[in-house]
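Coordinate inspection notes
One letter stands for each residue in the lines below.
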There are 2 protein chains.
Amino acid sequence: MKVGFIGLGIMGRPMALNLLKAGFDLTVWARREASMQPLLAAGAHGAESPAAVAGQVDVVISMVADAPDVEAVMLGERGVCHGARLGLVAVDMSTIAPDAARGIGWRLSGCGIDFVDAPVSGGEVGAIAGTLSIMAGGSAAAFARARPAFAAMGKNIVHVGESGAGQVAKAANQILTGVGVLAVAEALLFARKNGVDPAKVREAMLGGAAHSRILENHGQRMLDRQFKPGFKAWMHQKDMNIVMHAAHRLGLCLPASAAATQALNAMVGKGLGEEDSIAVLKVLESLTGELPLDGK
Amino acid sequence: MKVGFIGLGIMGRPMALNLLKAGFDLTVWARREASMQPLLAAGAHGAESPAAVAGQVDVVISMVADAPDVEAVMLGERGVCHGARLGLVAVDMSTIAPDAARGIGWRLSGCGIDFVDAPVSGGEVGAIAGTLSIMAGGSAAAFARARPAFAAMGKNIVHVGESGAGQVAKAANQILTGVGVLAVAEALLFARKNGVDPAKVREAMLGGAAHSRILENHGQRMLDRQFKPGFKAWMHQKDMNIVMHAAHRLGLCLPASAAATQALNAMVGKGLGEEDSIAVLKVLESLTGELPLDGK
C-alpha cells in the first residue's frame with residue numbers, strides 16, 4: 001500500500017517515520033521544504049503539492065494545526081481533491097471541530113474521495129513510540145483501508161462511528177484530560193495549603209477510586225514542578241474551545257468543562273500558553289497570593 | 001491485641017467482621033442494639049457504652065456519620081475519654097473535616113489518649129472485601145500501634161502525616177472523585193448529544209491519557225444507567241461541603257471542585273440524594289431538556 005503524509009511537524013514527523021519503518025512506500029509534502037528533509041533522508045519520496053501526493057498513493061494522511069489548514073491541503077487550489085486517484089482514502093489526524101471534519105468529509109465525497117477523521121491522543125511521546133490512541137470516524141470500508149497505516153502509528157485504534165465521530169471522541173477525551181489536570185492541581189494544592197505533604201496525599205489517593213493516569217503522570221510532574229510541555233496549554237485551550245462551541249450549539253450545560261476552559265484561558269492570558277497544561281497549578285497558586293500575578 | 005469498634009452501620013459492620021476474621025479480640029458498641037447482634041453472633045463482646053469499650057481494649061475505632069457523632073462517642077458523657085486504659089489509641093475512620101479531627105485529637109490528648117484520623121476510600125464493597133484505602137493522620141507511634149488493625153480492613157494504607165492529615169487526604173480524594181464523576185458524565189453526554197455512541201467513545205478514551213478508574217467503573221455504570229449506590233450523592237455532597245469550607249477558610253480558589261459541589265447540590269435538591277453520585281448525569285440531562293426537571 002502506498003501512503004502519503006502531509007504536515008511534518010512535532011507530531012507528523014515521527015508518525016511518518018513510523019510508516020516508513022513499517023515498510024510503507026511513503027510520499028510526503030510539507031509547507032516548509034526543510035521539514036521534508038529528514039523524511040527524504042529516511043527513504044520517503046517528496047512531492048510538489050498535496051495534489052501531487054494524492055496522485056501517487058492509496059491513502060493520504062494530513063497532520064496539521066487547525067481546520068483552515070486541513071481545508072487548504074484537502075480542498076485548496078493544489079489540494080488533495082485536485083490530484084486524487086480513483087478510490088483514494090483521505091485521513092485527517094489533526095484535532096479540529098467535529099462539524100468542520102464533517103464538512104470537509106462531505107466536500108471530499110464530491111470529488112469521489114472517502115474521508116476519515118482520526119485524531120490522536122498520546123502526544124509527541126506516543127507519536128515517536130508508535131503508541132498513539134487513534135479515534136476514527138468514517139465509513140467502515142474507508143476505516144478498513146486506512147487501518148494498516150494506523151497500526152504503524154498507534155496502539156488503541158477505535159472506529160468510533162460515522163464521519164466526525166473521531167473528532168467527537170477526541171473532544172470528549174480533552175474534556176477528561178482538561179478537567180482531570182485541573183482537579184489534580186486543586187487536590188494537590190488543597191493538601192499543601194492544609195499543611196500536608198501533597199506527595200503523600202497523591203500516594204494515598206493512587207490506591208483507590210481516585211486512581212487515574214493523570215494523577216499518576218501529570219500529578220508527579222506537578223510535584224516535581226516540571227512545566228515543560230508535554231502538551232502545550234494553548235493547544236488544550238484550542239481543544240476546549242471546540243468543546244465549548246459544540247456545547248453552545250447543542251444547548252449543553254458542561255460546568256466542569258467550563259471551569260477547565262476558564263483556567264486554560266487564564267493560563268494563556270498570563271503568558272503561560274507555551275508551558276504544559278499542568279501549569280494550571282500556577283494559576284491556582286497565583287490566586288492564593290503565593291505567586292505574583294504575572295505567574296512566571 | 002484487643003480492639004474496640006464503635007458504629008456498626010453499612011461500613012462499620014463489615015470492617016468489624018474483618019477484624020474478627022483476622023483473629024482480634026473484639027469489643028463492640030453501637031447506638032442501636034440491633035446493630036450489635038451480627039457481631040455478637042460472630043464472636044465479638046458487647047459493651048454498654050463507648051467508655052466501657054475503651055476500658056477493655058488497646059485500640060478503639062469509631063466509624064460513624066459526622067463530626068458531632070465522633071465527638072459524642074469520643075468525648076461525650078459516656079465517651080471513650082471517660083473509660084480509657086493507659087496508652088489507649090483512639091482511631092476515627094469516619095469522614096469529617098480536618099479541623100474537626102484535629103480538635104478531637106487535641107482534646108483526647110488531654111485525657112492521655114493518642115488519636116489517629118484514618119478515613120477510608122473504597123465504599124461498602126471495599127469494606128466487605130477488606131480492600132479499603134486507609135489514609136491516616138497522627139503520630140508515627142500511634143499509627144504503628146493501629147496498623148495491624150488497619151491491615152485487617154484495608155490494602156493501601158498510607159501514613160499521610162500529623163493529626164488531621166488523613167482527613168485532608170480524604171478531602172483531596174473526594175475532589176478527584178467528585179470532579180471525576182462530573183467530567184465523565186459531561187464527556188459521555190457530549191458524545192451522545194453529538195450523535196456518537198458514548199460506549200465507543202469511552203472505549204477509545206480508556207486507551208489513552210484520559211484513563212481512570214472512574215471512567216472504567218462509574219463510566220460503565222452511567223452507560224448501563226445503574227444509579228443504585230454505591231456511594232450516595234448526599235454523602236458526596238457532605239464531603240464536598242468539607243472541601244469548600246476549608247477552601248473558604250484558606251482563601252483557596254478551586255473552580256472544578258466548586259462546579260462539582262454545585263452539581264451535587266442540584267442532585268440533592270432534585271431529590272436524587274439517595275442515588276449514587278453518578279446520577280449527576282441526570283442533572284446534566286435535565287438541563288438539556290431531555291428529562292423533566294424533577295429528574296426521576
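Just so you know, these numbers come straight off a predicted model, no measurement behind them.

1. Section: the nonpolar core
- Counting 102 residues, the largest nonpolar core has A:V160, A:F190, A:M205, B:V160, B:F190 and B:M205 as its most contacted members.
- Here A:F190 is in contact with B:V168, B:A171, B:A172, B:I175, B:V243, B:A246, B:A247, B:L252 and B:L254, once residues within four sequence places are set aside.

2. Concerning the packing of aromatic side chains
Residue and element names in this part refer to chain A.
- Evaluation of the coordinates by the stated rule reveals two aromatic pairs over all chains.
- A ring pair is formed by F143 and F150, whose centres lie 6.0 Å apart and whose planes are at 40°; its orientation type is tilted. Grouping residues by exposure puts F143 and F150 together as buried.

3. Notes on the relation of the copies chain A and chain B
- Between chain A and chain B, the superposition needs a rotation of 180° and an axial shift of 0.0 Å, giving an RMSD of 0.0 Å. Such a combination of rotation and displacement between the chain copies is what one expects of a two-fold axis. Minimal C-alpha distance to the rotation axis in chain A is attained by A:S212, lying at 2.0 Å.
- Both copies contact each other with a shared surface, as 100% of the interface residues of chain A are interface residues in chain B too.

4. Topic: the interface of chain A and chain B
- Across the contact, 60 residues belong to chain A and 60 residues belong to chain B.
- Contact between chain A and chain B buries roughly 5000 Å² in total, counting both sides, with carbon and sulfur atoms accounting for 71%.
- Counting every contact that joins chain A to chain B gives zero salt bridges.
- Where chain A touches chain B, the interface holds 14 residue pairs in polar contact (both at pLDDT 80 or more).
- Sorting the residues of the side of chain A that touches chain B by element identifies strand 8 (132–137), strand 9 (154–161), helix 8 (165–193), helix 9 (198–206), helix 10 (213–223), helix 11 (233–250), helix 12 (255–269) and helix 13 (280–287) of chain A as the ones contributing at least two each.
- Counting residues per element, the side of chain A that touches chain B draws most heavily on helix 8 of chain A, at 19 residues.
- Grouping the amino acids of the side of chain A that touches chain B by side-chain chemistry returns 39 nonpolar, 14 polar and seven charged.

5. Remarks on the side chain of A:H218
- Residue position: A:H218 is located in helix 10.
- Filtering out sequence-adjacent residues up to four positions away, A:H218 remains in contact with A:V181, A:R213 and A:I278.

6. Here we look at helix 1 (residues 12–21) of chain B
- In terms of burial, helix 1 of chain B is largely enclosed, as seven of its 10 residues are buried.
- Those residues of helix 1 of chain B lying buried are B:G12, B:P14, B:M15, B:A16, B:N18, B:L19 and B:L20.

7. Some details on the pattern of salt bridges
- On inspection of all chains with the given rule, the structure shows 24 salt bridges over all chains.
- In this structure, B:R221 engages B:D276 in a salt bridge whose closest nitrogen and oxygen atoms are separated by 3.4 Å. With B:R221 in helix 10 (residues 213–224) and B:D276 in the loop between helix 12 (255–269) and helix 13 (280–287), the pair connects residues that are 55 residues apart, well separated along the chain.
- Looking at B:D276, the relative accessible area reads 2%, which means it is buried.
- Linking B:K238 and B:D239 is a salt bridge whose minimum nitrogen-to-oxygen distance equals 3.9 Å. Of the two residues, B:K238 and B:D239, both sit in the buried class.
- In the salt-bridge network here, residues are joined through shared partners; they are A:D99, A:R102 and A:R249.

8. Regarding the domain arrangement of chain A
All names here are of chain A.
- Structurally, chain A comprises domain 1 (2–161) and domain 2 (168–287).
- Contact residues are listed per partner, giving 13 residues for domain 1 and eight residues for domain 2.
- Summed over both sides, the interface of domain 1 with domain 2 buries roughly 900 Å², with 61% coming from carbon and sulfur.
- For the domain 1 face of the interface with domain 2, the top three residues by lost area are T95, P98 and M135, together amounting to 46%.
- Here domain 1 is connected to domain 2 by one salt bridge.
- For the salt bridge of R249 with D99, the shortest nitrogen-to-oxygen distance reads 2.9 Å.
- Summed over the shared surface of domain 1 and domain 2, the result is five residue pairs in polar contact (both at pLDDT 80 or more).
- Elements with a minimum of two residues in the side of domain 1 that touches domain 2: helix 5 (98–109) and strand 7 (120–121).
- In terms of residue count, helix 5 provides more of the side of domain 1 that touches domain 2 than any other element does, three residues in total.

9. With respect to helix 8 (residues 165–193) of chain B
- Taking 1.5 Å as the rise per residue, helix 8 of chain B with 29 residues should run 42 Å; its terminal C-alpha atoms sit 42 Å apart, in good agreement.
- Phi for B:G195, located one or two positions after helix 8 of chain B, is positive at around 80°.

10. What about unusual backbone geometry?
- For the bond from A:P229 to A:G230, the omega torsion is 5°, close enough to zero to count as cis.
- Residue placement: A:G230 occurs in the loop between helix 10 and helix 11.
- Backbone geometry places B:R225, a non-glycine residue, at a positive phi of 50°.
- Mapped onto the secondary structure, B:R225 falls in the loop between helix 10 and helix 11 (233–250).

11. Remarks on the pairing of strand 9 of chain A
All names here are of chain A.
- Two elements, strand 8 and strand 9, share six bridges in a ladder whose sense is parallel. Bridging from a neighbouring strand, I134 pairs with I157 of strand 9.
- With helix 7 (residues 140–153) bridging strand 8 and its parallel neighbour strand 9, the resulting β-α-β unit is right-handed.

12. Description of the confidence of the model for chain A
- When pLDDT is averaged across chain A, the result is 96; 98% of the residues are at 70 or more.
- Here the predicted complex scores 0.95 on pTM and 0.95 on ipTM.

13. Side note on the pairing of strand 6 (residues 114–117) of chain B
All names here are of chain B.
- Taken together, the four bridges between strand 5 (residues 89–92) and strand 6 define a ladder with parallel strand orientation. Looking across to strand 6, one finds that A90 is bridged to F115.
- The parallel pair strand 5 and strand 6 is bridged by helix 5 (residues 98–109), and the resulting crossover is right-handed.

14. Quick look at the side chain of B:D92
Residue and element names in this part refer to chain B.
- By secondary structure assignment, the location of D92 is in strand 5.
- The side chain of D92 is buried and forms no salt bridge, while K238, the nearest opposite charge, is found at 8.9 Å.
- A polar contact is formed between the side chain of D92 and the side chain of S94, at a distance of 2.7 Å.
- Setting aside residues no more than four positions away along its own chain, D92 makes contact with S62, V70, F115, V116, D117, A118, P119 and Q167.

Definitions and cut-offs
Residues numbered from 1 in each chain as written. Chains lettered and ligands numbered in written order. Predicted model: local features only at pLDDT ≥ 70, side-chain atom pairs only at ≥ 80, totals over all residues. Heavy atoms only, no water. Core = buried A, V, L, I, M, F, W, Y, C linked by side-chain atoms within 4.5 Å. Buried < 20%, exposed > 50% of the residue type's maximum accessible area, 1.4 Å probe, protein only. Contact = heavy atoms within 4.5 Å. Phe/Tyr/Trp six-rings, centres within 6.5 Å; stacked < 30°, edge-to-face > 60°. Least-squares fit on C-alpha atoms with pLDDT ≥ 70 in both. Buried area = accessible area lost by both parts, 1.4 Å probe. Salt bridge = Lys/Arg side-chain N within 4 Å of Asp/Glu carboxyl O. Polar contact = N/O pair within 3.5 Å; in protein donor to acceptor, adjacent residues only side chain to side chain. Helix = DSSP H or I, 4+ residues; strand = E, 2+ residues; numbered from the N terminus. Nonpolar A, V, L, I, M, F, W, Y, C, P; charged D, E, K, R; others polar. Domains from an automatic or database assignment. Expected span 1.5 Å × (residues − 1). Pairing = 2+ DSSP bridges. Right-handed = clockwise from strand over helix to strand, strands pointing away. pLDDT = per-residue confidence, 0-100. Lys, Arg positive; Asp, Glu negative; His and termini not counted.

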